[in-house]
Amino acid sequence: MKLILLGAPGAGKGTVAKLLTAVDGSVQISTGDILRGAVQAGTELGKKADAFMKAGDLVPDDLIMGIMEQRLQEPDCANGFLLDGFPRTIPQAEALKELLDRIGVKLDMAVNLDVPREVILDRLTTRRTCSNPECQAIYNVKSNPPKVEGVCDKCGSPVIQREDETEEAISKRLETYNEKTAPLAAYYEKEGLLMNVNATSSDVVVQTIKDKLGI
Ligand code: AMP
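Residues numbered from 1 in each chain as written. Predicted model: local features only at pLDDT ≥ 70, side-chain atom pairs only at ≥ 80, totals over all residues. Heavy atoms only, no water.

Asker: Before we move on, could you go through the pairing of strand 3 (residues 81–84) and cite the residues and values that matter?
Answerer: What you see with strand 3 is no split at all: Phe81 and Leu83 on one side and Leu82 and Asp84 on the other are buried throughout. The pairing of strand 2 (residues 27–30) with strand 3 spans four bridges and is parallel. Among the inter-strand pairings, Ile29 is bridged to a residue of strand 3, identified as Leu83. (Buried < 20%, exposed > 50% of the residue type's maximum accessible area, 1.4 Å probe, protein only. Helix = DSSP H or I, 4+ residues; strand = E, 2+ residues; numbered from the N terminus. Pairing = 2+ DSSP bridges.)

Asker: Lay out the sheet that holds strand 6 (residues 138–140) with the relevant residues and their values.
Answerer: In sheet architecture, strand pairing relies on hydrogen bonds along the backbone and comes in two forms, parallel and antiparallel. As summarised here, the arrangement of the three strands in space is 6-5-7, forming an open sheet in which the pairing is antiparallel. The two strands at the open ends of the sheet, each matched to only one other strand, are strand 6 and strand 7 (159–160).

Asker: Kindly report on the pattern of salt bridges, identifying the contributing residues and their values.
Answerer: Inspection of the entire model under this criterion finds 16 salt bridges. For Arg127, the salt bridge identified is with Glu165, shortest N-O distance 2.7 Å. One end of the pair, Arg127, is in strand 5 (residues 127–130); the other, Glu165, is in the loop between strand 7 and helix 7 (167–181), with 38 residues separating them in the sequence. Summarising the burial analysis for this pair, Arg127 and Glu165 share the class buried. Through salt bridges that share partners, Arg127, Arg162, Asp164, Glu165 and Arg173 make up one connected network. (Salt bridge = Lys/Arg side-chain N within 4 Å of Asp/Glu carboxyl O.)

Asker: For the site of the ligand, give the residues involved together with the corresponding values.
Answerer: Lining the immediate surroundings of the ligand are 16 residues, of which Thr31, Arg36, Asp57, Gly85 and Gln92 lie closest. Within the contact set of the ligand, an oxygen atom lies 2.6 Å away from a backbone nitrogen or oxygen of Asp57. For the ligand, whose unbound accessible area comes to 480 Å², protein coverage reaches 96%. When residues in the shell around the ligand are grouped by element, the largest group, four residues, is from helix 2 (residues 31–41). Among the residues forming the shell around the ligand, the class breakdown is six nonpolar, four polar and six charged. (Near = heavy atom within 4 Å. Polar contact = N/O pair within 3.5 Å; in protein donor to acceptor, adjacent residues only side chain to side chain. Areas by Shrake-Rupley, 256 points an atom, 1.4 Å probe, with all protein chains shown as cover. Nonpolar A, V, L, I, M, F, W, Y, C, P; charged D, E, K, R; others polar.)

Asker: Describe the environment of Ala17, and please don't skip the residues or the numbers.
Answerer: Locating Ala17 in the fold gives a position in helix 1 (residues 13–24). You can call Ala17 buried: its relative accessible area is 0%. Measuring from C-alpha to C-alpha, the distance between Ala17 and Phe81 comes to 9.0 Å, with 64 residues separating the pair along the chain. Contacts of Ala17, omitting those with residues within four sequence positions, involve Leu5, Gln28, Leu82 and Asp84. (Contact = heavy atoms within 4.5 Å.)

Asker: Hey, could you go over unusual backbone geometry for me, with residue numbers and the actual values?
Answerer: Among all residues save glycine, negative phi is the norm, and among peptide bonds the norm is trans. Following Phe86, the chain continues into Pro87 via a peptide bond in cis, with omega recorded as -5 degrees. Locating Pro87 in the fold gives a position in the loop between strand 3 and helix 5 (90–103). Positive phi is not limited to glycine here, since Gln136 has a value of about 55 degrees.

Printed below as a string of structure tokens:
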């Protein structure tokens, strides 16, 4: 499947993407994970992105399109991909459309995960992430803690609170989302690709997507 997952930070895009990879082998592409990996590795991309990310601002579109232009043409994308956290602005959506037309790829749909603000705030403040850039497994101190406190079940690395998950950075990220990313739902509606799902359970979201795609 070739999907875009839209929704506010904390709406469950990453969790849904991970569940969908198990359905048909489509790969999850998270620009946030790629950028965090670059920041930790200290690459040029990471150095450019770091300050924007810490402040809860978006990284400039040209850097993001540079990443995606390359990533979407890697062989593992041929079976399908789940775009998690991209596109995030109208110019990114327009550049993605141009890129996909150029490489002859057609999207199935853009799924908008519509989750109430209280749920989002609660999830983001209680979310913890594996610090290993290769892993980045997601936990929640209330609903899904690691078996040993502060240690990733999957790879044994420390599980941490992301620097952009302080209360201040979270409110900035939600503001940025409302201003720059929320308009994408209307964009994809016009393109005839939008499916709105308002469910807080990731399993329900996955089932709704499978039903719609007939798989
Ligand atoms: P995420 O893990 O998707 O919440 O992304 C974390 C941070 O990475 C965001 O707050 C942005 O600073 C940056 N980021 C991720 N994806 C994008 C994107 N498509 N465009 C611009 N910035 C992004």
